[in-house]
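Residues per chain are reported as follows:
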Amino acid sequence: MAIICRSSKLICSAARSSLPSPTDLRLSPASRLAPMSERHDSWRATAAMYCCEGARITELHGANLLTLLRADIAKASTVLDVGCGTGAFAKAYMHQFPRGVAGQKLILSDLSAGMLEKAKESVRPPDGFQTEIVFQEEDCTALQGIESDSVDVVVSLFGVFLVPDQEAAFKAIQRVLKKPGGVFANASWVFGMSSTFVNAGLGVSIQDAFQVPVEAIEPGFSSVAHATMMKWADKAVIEKMLAEHKFDSTQVYRAVHSSAWEFAVLWDMMVKNPMSNISSASEENVQRGKDALIKFLSQDGSLNIEKPLLLFSVSNLSVARSCLS
């Protein structure tokens, strides 16, 4: 089993001599000087919950994305997962390639040191696994620890579509991809699908459910990240964005999955989500948001929150190739 843990900056030759060792930079005691990303790691507190609950749906969509990329990954020497979270894509990778790929490196990168810690715990390849797995702290708007023109496939499973500075993220991804023909694959959530599902007797979308209490607490609540997410929900906009950033042969696929949830777990995830306004709201507004969610989930107002819910998740899976600069 080949697993390596290193700092993103160790490969940056300009500052090599002044940097701590990999042991100092990765998953070390709180007493050391933390990297900038760890000092404002808003996702750390959610890592354990996300690994147990949220990753259940990301892994389903990750399996679809991995299947679309199977031929490209099978012949790649380096694969980079941008915004790896707790390792959902890596788990799908291990299902698709149970023995790994000889001579290949899979870099799992995330800005959140807390998410990477949890990924190290949850991504456990079997003995004899041929792929070298690297855990690497990276800001996807820079990817400083990744050499230019060194990556065959860049994957982002619900990562890049959350980044407010899309220009910088695209620039960094294009820099590290091999050209021509390097592959960029992205998964992003789709909103507004609940009416379609409800009319078919299938319930509501979990993505729409997440927005209900947020809007109930603060109508019109938005952010740069939220506006960016909505762009990635539109197939035509995705194709235009990728074309503008020197990607070609873009294909966008739609994936739909169902998953069962306990209401208490779903609500806990919403409250703790760093992008939500729920945790900072007054007690009265929190209750208003919770009541709105229950009404939305029940559709007829008769939801029994003690019983499991079957919800749907919808994603756009985009695959494109890097053109010549």
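Everything that follows concerns the structure shown earlier in this document.
What counts, and where the lines are drawn
- Residues numbered from 1 in each chain as written.
- Predicted model: local features only at pLDDT ≥ 70, side-chain atom pairs only at ≥ 80, totals over all residues.
- Heavy atoms only, no water.
- Helix = DSSP H or I, 4+ residues; strand = E, 2+ residues; numbered from the N terminus.
- Buried < 20%, exposed > 50% of the residue type's maximum accessible area, 1.4 Å probe, protein only.
- Contact = heavy atoms within 4.5 Å.
- Areas by Shrake-Rupley, 256 points an atom, 1.4 Å probe, with all protein chains shown as cover.
- Expected span 1.5 Å × (residues − 1).
- Pairing = 2+ DSSP bridges.
- Right-handed = clockwise from strand over helix to strand, strands pointing away.
- Polar contact = N/O pair within 3.5 Å; in protein donor to acceptor, adjacent residues only side chain to side chain.
- Patch = residues over 30% accessible without salt bridge, like charges linked within 9 Å, V, L, I, M, F, W, Y side chains within 5 Å.
- Salt bridge = Lys/Arg side-chain N within 4 Å of Asp/Glu carboxyl O.
- Lys, Arg positive; Asp, Glu negative; His and termini not counted.
- Charge placed at Lys NZ, Arg CZ, Asp CG, Glu CD.
- Axes fitted to C-alpha atoms, helices over the stretch in contact; angles between N-to-C directions.
- Left-handed = near helix turned anticlockwise from the far one by under 90°.
- Arc of directions from axis to C-beta.
- Phe/Tyr/Trp six-rings, centres within 6.5 Å; stacked < 30°, edge-to-face > 60°.
- Lys NZ or Arg CZ within 6 Å of the ring centre and 35° of its normal.

Across its full length, the protein carries twelve helices and eight strands. Residue burial in the protein is summarised as follows: out of 325 residues, 49% are buried. Here the analysis covers contacts within the protein between residues at least 6 apart in sequence; of these, 82% occur between residues at least 24 apart. When the accessible surface of the protein is summed, it comes to about 14700 Å², and 54% of that surface belongs to carbon and sulfur atoms.

Attention now moves to helix H12 (residues 283–298). The periodicity of an α-helix, 3.6 residues per turn, causes residues three or four positions apart to be oriented the same way. With 16 residues, H12 should cover 22 Å at 1.5 Å per step; its first-to-last C-alpha distance of 23 Å lies within 8% of that length. Those residues of H12 hidden inside the fold are in contact with helix H8 (206–217), helix H11 (263–272) and strand E8 (309–322).

A few words on the pairing of strand E5 (residues 153–157). Look at any regular strand and the pattern is simple: side chains alternate between the two faces of the sheet. Burial runs high along E5: five of the five residues are buried. Side chains Val-153, Val-155 and Leu-157 project from E5 onto one buried face, and the interleaved Val-154 and Ser-156 project onto a second face that is buried too. With five bridges connecting them, E5 and strand E6 (residues 183–189) associate as parallel partners. Paired with Val-153 across the two strands is Val-183, which belongs to E6. For the handedness criterion, the β-α-β arrangement of E5, helix H6 (residues 166–176) and E6 is classed as right-handed.

On to the side chain of His-257, then. Relative to the assigned elements, His-257 resides in strand E7 (residues 247–261). Classification of His-257 by relative accessible area gives buried; the value is 19%. Within the local environment of His-257, its side chain forms a polar contact with the side chain of Asn-64, the two groups lying 2.5 Å apart. Not counting chain neighbours up to four residues away, the residues in contact with His-257 comprise Leu-60, His-61, Asn-64, Leu-311, Phe-312 and Ser-313.

Summarising the element assignment, Gly-85 is placed in the loop between strand E2 (78–82) and helix H4 (88–96). Residue Gly-85 is classed as buried on the basis of its relative accessible area, which comes to 10%. With sequence-adjacent residues up to four places away left out, Gly-85 is seen in contact with Asp-110, Met-115, Leu-116 and Ala-119.

With that settled, the discussion passes to the environment of Gln-130. Relative to the helices and strands, Gln-130 resides in the loop between helix H5 (113–122) and strand E4 (132–137). On the basis of relative accessible area, Gln-130 is assigned to the partly exposed category, the value being 35%. It is 4.9 Å that separates the C-alpha atoms of Gln-130 and Ala-102, two residues lying 28 residues apart in sequence. Look past the residues within four positions of Gln-130 in its chain and what remains in contact with it is Arg-99, Gly-100, Val-101, Ala-102, Gly-103 and Gln-104.

On to a negative patch on the surface. On the surface, Asp-139, Asp-165, Glu-167 and Glu-244 cluster together to form a negatively charged patch. Tracing the sequence through the fold places Asp-165 in the loop between E5 and H6.

Glancing now at the side chain of Ser-150. Note that Ser-150 resides in the loop between E4 and E5. At a separation of 2.6 Å, a polar atom in the side chain of Ser-150 contacts the main-chain carbonyl oxygen of Glu-147.

Across the interface, H8 lies against H12 with an axial gap of 8 Å and an inter-helix angle of 140°. Between H8 and H12 lies a crossing of right-handed hand. Residue-level inspection shows Asp-208, Ala-209, Val-212, Pro-213, Ala-216 and Ile-217 of H8 in contact with H12, the latter providing Asn-285, Val-286, Arg-288, Gly-289, Ala-292, Leu-293, Phe-296 and Leu-297.

We now examine H11. Taken together, the buried positions of H11 are occupied by Phe-263, Leu-266, Trp-267, Met-269 and Met-270. The buried residues of H11 occupy an angular sector of 155° when projected down its axis, which confines them to one face.

On to the packing of aromatic side chains. Centre-to-centre distance and the angle between the planes together describe a pair of aromatic rings. Tallying each qualifying case throughout the model produces nine aromatic pairs. By the ring-pair criterion, three or more aromatic residues cluster together here, those being Phe-170, Phe-184, Trp-232 and Phe-247. Above the plane of the ring of Trp-261 lies Arg-56, whose end atom (NZ or CZ) is 4.2 Å from the centre.

All told, the structure shown has eight salt bridges when counted by the stated rule. Residues Lys-91 and Glu-59 are paired through a salt bridge, measuring 3.3 Å at the closest nitrogen-oxygen approach. Of this pair, Lys-91 sits in helix H4 while Glu-59 sits in helix H3 (residues 47–74), and the two are 32 residues apart along the sequence. Notably, a salt bridge pairs Lys-118 with Glu-121, separated by 2.9 Å at the nearest N-O pair. Separated by three residues within a single helix, Lys-118 and Glu-121 lie in helix H5, roughly one turn from each other. Classification of Glu-121 as partly exposed rests on a relative accessible area of 48%.

Let us now look at unusual backbone geometry. The omega torsion across Lys-179 and Pro-180 is -5°, close enough to zero to call that bond cis. Summarising the element assignment, Pro-180 is placed in the loop between H6 and E6. Of note, the phi angle at Leu-143 is positive, near 50°, even though the residue is not glycine. You can see Leu-143 is positioned in the loop between E4 and E5. The backbone phi angle of Ser-249 is positive, close to 55°, even though this residue is not glycine. One can find Ser-249 in strand E7. Look at Ser-249 and you get partly exposed, because its relative accessible area is 49%.

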